[in-house]
Amino acid sequence: MKKDQASKKPRVFSGVQPSHDLHIGNYIGALRNWALKQHLSDNIFCVVDLHALTLPEDIKPEVLRENSRKVAALYYACGLDIETNIVFIQSHLHEHAEAAWILNCTTPLGWLQRMTQFKAKSEQAASIGMGLLDYPVLQAADILLYDTDEVPVGEDQRQHIELTRDIAIRFNNLFGETFVLPKAVIPEEGAKVMGLDEPEAKMSKSVARNRPGHAINLLDNEKTIKKAIMSAVTDSEKETRFEHASAGVINLLTMYRALTHESRDAIEARFEGKGYGFLKKELLGAVLETLKPIQSKFNEIMADRDGLERLLAKNADAAREIAAKTLSKMKEATGLG
Ligand code: AQP
């Protein structure tokens, strides 16, 4: 499928749910990489608030609405250029839900029941709605509406992007070439940041909400961050080599590496024989240095609420122009409209 766009640069699309506070895993696994490579691509970044509704009892309406603005402001605060990136809120466009319905009709149920994120989240929730099962189809709609080539995400999303490709291939086979096939772009370092209090499980927004010390949130103050890092799970050894250390120590080393860009060898040499207290102190320094400018840029953007609302409305119009074309192709192909 050829892309109908003047730009030769690949189209990048990604998003984050404004479900709870964003953490350093979201930053290292996703947001930071969007900013680092933004000049190489033609970018669209979405705040996926429809996805955040998949566990509706988790979040109050006024909190969801406010979180969506905060996440958009954080995208910019983490380095996205305001002029060159389209940042918008998913529910500002009806095209996403409409495209998801059409894809629902062509996606076999078994594909969704196999998703590991669905299995994990449905085990944790007291009751689940259809939206949770359907989450990856809406995600596929998000991605496919924009003729996306690359989806920069953390490791946990790999399976969903593979499913998006399968959904696109099936639709193309059934109704003719309609979608570009996207691929996941996963960072080499920090693709899966683990919980500080439970280094066997990934750092997660929803877990962090009920467990202080699980995550470092991007908007946390210095005292909270220090407490979380200093009480991170390690072990009773002194091993600081990436290949030999325990899960908790590898997690600290990995975060340190992702934030400082130092080589593994340099990091192992720096921490050898020094004890975990020193590693934690150095990591704290790297985290604070990273988060300080992000927090001050975030506060600046949030202080001009009208400006932010205008920007999001303008970007929603720009996104709609692209999404509406693809949706209309989907309707044409399937005999709708
Ligand atoms: N621990 C992580 N390490 C590296 N990358 C991560 N991402 C999430 N957790 C980690 C990446 O962040 C982006 C946004 O994720 P999302 O909000 O869309 O959904 P998620 O993957 O389900 O994130 P969370 O933080 O775990 O939220 P909850 O608990 O609400 O589900 C994605 O690119 C993801 O890979």
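Residues numbered from 1 in each chain as written. Predicted model: local features only at pLDDT ≥ 70, side-chain atom pairs only at ≥ 80, totals over all residues. Heavy atoms only, no water.

Caption draft 1: Broad picture of the site of the ligand. Contacts to the ligand come from 25 residues, most closely from Lys121, Asp156, Ser204, Lys205 and Ser206. Contacts to the ligand include Ser19, whose side-chain N or O atom sits 3.3 Å from an oxygen atom. Separating a nitrogen atom of the ligand from a backbone N or O atom of Met203 is a distance of 2.9 Å. The biggest single contributor to the shell around the ligand is helix 1 (residues 24–36), with four residues. Among the residues forming the shell around the ligand, the class breakdown is seven nonpolar, 13 polar and five charged. (Near = heavy atom within 4 Å. Polar contact = N/O pair within 3.5 Å; in protein donor to acceptor, adjacent residues only side chain to side chain. Helix = DSSP H or I, 4+ residues; strand = E, 2+ residues; numbered from the N terminus. Nonpolar A, V, L, I, M, F, W, Y, C, P; charged D, E, K, R; others polar.)

Caption draft 2: Highlighting the nonpolar core. Residues Ile24, Tyr27, Leu31, Tyr75, Ile216 and Met255 are the most contacted members of the largest nonpolar core, which totals 60 residues. In terms of residues, this core owes the most to one element, helix 13 (residues 276–303), which gives twelve residues. Taken domain by domain, this core gets at least three of its residues from each of domain 1 (11–187 + 304–334) and domain 2 (205–298). Sequence-distant contacts of Met255, defined by excluding residues within four places in its chain, comprise Ile24, Ile28, Val193, Leu196, Ile216 and Leu283. Cys46, Phe88, Ala168 and Leu327 belong to the second-largest nonpolar core, a separate cluster that totals 38 residues. (Core = buried A, V, L, I, M, F, W, Y, C linked by side-chain atoms within 4.5 Å. Buried < 20%, exposed > 50% of the residue type's maximum accessible area, 1.4 Å probe, protein only. Domains from an automatic or database assignment. Contact = heavy atoms within 4.5 Å.)

Caption draft 3: Examining the domain arrangement of the protein chain more closely. Each domain of the protein chain was delimited in the assignment, giving domain 1 (11–187 + 304–334) and domain 2 (205–298). Each of domain 1 and domain 2 has a C-alpha centre, and these two points are 29 Å apart. Between domain 1 and domain 2, the contact holds 18 residues from the first and 17 residues from the second. When domain 1 packs against domain 2, close to 1800 Å² is buried across both sides, 71% of that on carbon and sulfur atoms. It is His20, His23 and Ile24 that lose the most area in domain 1 upon contact with domain 2, and together they represent 29% of the buried surface on that side. Seen at the junction of domain 1 and domain 2, the total is six residue pairs in polar contact (both at pLDDT 80 or more). Contributing elements (two or more residues each) for the side of domain 1 that touches domain 2: helix 1 and helix 3 (61–77). If one sorts the elements of the side of domain 1 that touches domain 2 by residue count, helix 1 sits on top with five residues. (Buried area = accessible area lost by both parts, 1.4 Å probe.)

Caption draft 4: Just unusual backbone geometry, in detail. Residue Asp147 is not a glycine yet carries a positive backbone phi of 50°. With respect to the helices and strands, Asp147 occurs in the loop between helix 7 (130–144) and strand 4 (150–152). We note that His261 has phi near 65°; this positive angle belongs to a residue other than glycine. Checked against the element boundaries, His261 lands in the loop between helix 11 (247–260) and helix 12 (264–271).

Caption draft 5: Spotlight on the environment of Cys78. Looking at the secondary structure, you find Cys78 in the loop between helix 3 and strand 3 (86–89). Cys78 gets classed as buried once you look at its relative accessible area, which sits at 8%. It is 8.4 Å that separates the C-alpha atoms of Cys78 and Phe298, two residues lying 220 residues apart in sequence. With residues up to four places along the chain from it excluded, the contact list for Cys78 reads Tyr27, Leu31, Ala35, Leu218 and Ile294.

Caption draft 6: Seen up close, the pattern of salt bridges. Counted under the stated rule, the structure contains 15 salt bridges. For Glu66, the salt bridge is made with Arg305, and the minimal N-O distance between the two is 3.1 Å. Pair noted here: Glu66 is in helix 3 and Arg305 is in helix 14 (residues 305–334), with a separation of 239 residues, a long-range link. The class for Glu66 is partly exposed, based on a relative accessible area of 30%. Two residues, Arg241 and Glu239, come together in a salt bridge whose shortest N-O distance is 2.7 Å. Taken together, the shared-partner salt bridges in this structure form one network comprising Glu66, Arg69, Arg305 and Glu309. (Salt bridge = Lys/Arg side-chain N within 4 Å of Asp/Glu carboxyl O.)

Caption draft 7: Geometry of the pairing of strand 2 (residues 42–47). A large share of strand 2 lies buried, amounting to five of its six residues. Across six bridges, the pairing between strand 1 (residues 11–16) and strand 2 is parallel. Its bridge partner being in strand 2, Arg11 is matched across the sheet by Asp42. After leaving strand 1, the chain enters helix 1 and then returns to the sheet as strand 2, a path that is right-handed. Where strand 2 meets strand 3, four bridges bridge the pair, whose relative direction is parallel. Paired with Cys46 across the strands is Phe88, a residue of strand 3. (Pairing = 2+ DSSP bridges. Right-handed = clockwise from strand over helix to strand, strands pointing away.)

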